[in-house]
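Okay, here's what each chain looks like letter by letter:
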Amino acid sequence: MAIDLPTARRLWKLLEPIHAVTYFSDETREALSAAGYRGFWMGYFAGRSAPLGPVGPEIVTALFYNFAPDHIARAIPDAWTCAPPETALVVRQEAAVATLQRMLPAHIETIDRVVARLRPVAQSADVGGRALFAANAALPWPRGGHGALWHAATLLREHRGDGHVAALTVAGVTGREAGVLHAAASALPRQLLETSRKYTENEWSTLTADLARRGFLEESGAITPAGRALKSDIEITTDRLAAPAYGSLTDQDVAELIADLTELAKVVIASGEIPSQTPMGLDLDSVG
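On a predicted model such as this, the values are computed, not experimentally measured, just so you know. (Residues numbered from 1 in each chain as written. Predicted model: local features only at pLDDT ≥ 70, side-chain atom pairs only at ≥ 80, totals over all residues. Heavy atoms only, no water.)

(A) Just the packing of helix H1 (residues 5-24) against helix H14 (residues 225-242), in detail. Packing of H1 against H14 leaves a shortest axis separation of 8 Å and a crossing angle of 85 degrees. Taken as axis vectors, H1 and H14 run roughly perpendicular relative to one another. Between H1, through Leu-5, Ala-8 and Arg-9, and H14, the contact on the second element is made entirely by Glu-235, Ile-236, Asp-239 and Arg-240. Of the residues in the contact of H1 with H14, the class split is 3 nonpolar, no polar and 4 charged. (Axes fitted to C-alpha atoms, helices over the stretch in contact; angles between N-to-C directions. Helix = DSSP H or I, 4+ residues; strand = E, 2+ residues; numbered from the N terminus. Parallel < 35°, antiparallel > 145°, perpendicular 65-115°, else oblique. Contact = heavy atoms within 4.5 Å. Nonpolar A, V, L, I, M, F, W, Y, C, P; charged D, E, K, R; others polar.)

(B) A look at the nonpolar core. Core analysis: the largest hydrophobic core is formed by 64 residues, its most contacted members being Tyr-37, Phe-45, Leu-149 and Tyr-246. Each residue touching Leu-149, except ones within four places of it in the same chain, is listed here: Ile-18, Leu-100, Leu-104, Ile-111, Val-114, Val-115 and Leu-264. Judged by nonpolar contacts, the second largest core, of 20 residues, contains Leu-181, Trp-204, Ile-223 and Ile-234. (Core = buried A, V, L, I, M, F, W, Y, C linked by side-chain atoms within 4.5 Å. Buried < 20%, exposed > 50% of the residue type's maximum accessible area, 1.4 Å probe, protein only.)

(C) Structural view of empty space enclosed by the protein. Enumeration over the complete set of coordinates arrives at 2 cavities of 30 Å³ or more. Considering only enclosed or pocket space, the largest cavity measures out at about 70 Å³ in volume. Taken together, Ala-8, Trp-12, Leu-15, Leu-156, Arg-157, His-159, Arg-160, Ala-242, Ala-245 and Tyr-246 make up the full set of residues lining the largest cavity. Only H1 and helix H10 (145-171) provide two or more residues apiece to the lining of the largest cavity. Considering only enclosed or pocket space, the second largest cavity measures out at about 60 Å³ in volume. Thr-22, Tyr-23, Thr-28, Leu-32, Gly-43, Tyr-44, Gly-47, Arg-48 and Arg-92 together form the lining of the second largest cavity. Those elements that provide at least two residues to the lining of the second largest cavity are H1, helix H2 (26-35) and helix H3 (39-49). Tallying contributions element by element places H3 first for the lining of the second largest cavity, with 4 residues. Grouping the constituent residues of the lining of the second largest cavity by class yields 3 nonpolar, 4 polar and 2 charged. (1 Å grid on protein atoms, 1.4 Å probe; cavity = no way out; pocket = protein on both sides within 12 Å on 5 of 7 lines; lining within 4 Å. Points joined across faces, edges and corners; volume = space filled by probe spheres on them.)

(D) The arrangement of helix H8 (residues 108-124) in detail. Taking 1.5 Å of rise per residue, 17 residues should cover 24 Å, and H8 covers 24 Å from first to last C-alpha, within 8% of that figure. Along H8, the sharpest kink reaches roughly 30 degrees, centred on Leu-118 and followed within four residues by the proline Pro-120. Where H8 is concerned, the buried positions are Thr-110, Ile-111, Val-114, Val-115, Arg-117, Leu-118, Val-121 and Ala-122. Here the buried face of H8 lies against H1, helix H9 (131-137), H10 and helix H15 (251-270). (Expected span 1.5 Å × (residues − 1). Bend = angle between axes of the 7 residues up to and from the residue.)

These values are about where atoms sit, not about what they do.
Here's what the structure looks like:
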C-alpha cells in the first residue's frame, strides 16, 4: 500500500538535502573542475546527465525541463570533450561520498538502517516514463554506507522529479512557465530563479503575461486563486506519483525511516553548505 501524500512529501524534504550535497559542496566543485569541466554549470549538467551517457543538449533540456535551452547548450555536448560521462559518474559519486563522510562521520548505524529500508524501495520503484530515474537505477550501487545513502537519495529524488515533470506536462505548464509560477506561489525570491535558471527580463515578462492571460497570474505577477489551485494540483499529483514507490514499507518502517532521515538531514543542513532556499523548490528551514 502506498504511503499517504503528506508522508511522500516529507520524505522528499528529508532526502533532498542528502542528494543536494552533489551540487553545493566544495568537494564536488573541486572534483568536477579537476576532471576538466569548466565552471559550475558545465559540471552540474555533466554530473547530473552523465547516467544518460554522452547525450546532446536536446535530451538534457527535455528531461531537466526548466532550464533555458541555450544555457544547457553552452555546456552540453562540449562537456564530453573535457571528460566523458564515465568520468563524471565517478567524480560526482566520490565527491558526494567524501562530503557525507565529512558531515556524518558518527552516524554509521543510522545510515545503515536508512539504506536497509531505502535500497529495496529504490530497486523496486517503477521506471515507466521516468528516464532520469531509470538511467540512475541502471548504475551499480556504491559500496559503503555513505555512498549507498547518497545513491538511494539520488534515485528517489530523480524518481520524484520525473513524476513532477509529468505532472507539469499534464497541467500544460512548460518548464520555463513553472519557474515563474513557482516564484509567484512561494516565498522564493524571483531573482534567485532569474539567476539560476537564466531568465531574461523580457522572457520573464512574456511568460508572466502568458500566465496572466490564462488566469493564473495577475498582470503584476501576483498569483491568482486559479493559479494557486493549479500549483496545488501539480504538487498533489507529484506526491501521488511518488508515493507508490514506498508501498513495501510498513507503518513502523516509515516512522523509523523518517526519524533516522530527520537526524541525518538536520546534520547536513546544519553544515550551512546548502542554501536555505534553493531553485529546487525546497525551503530547508521547513525540514525536520
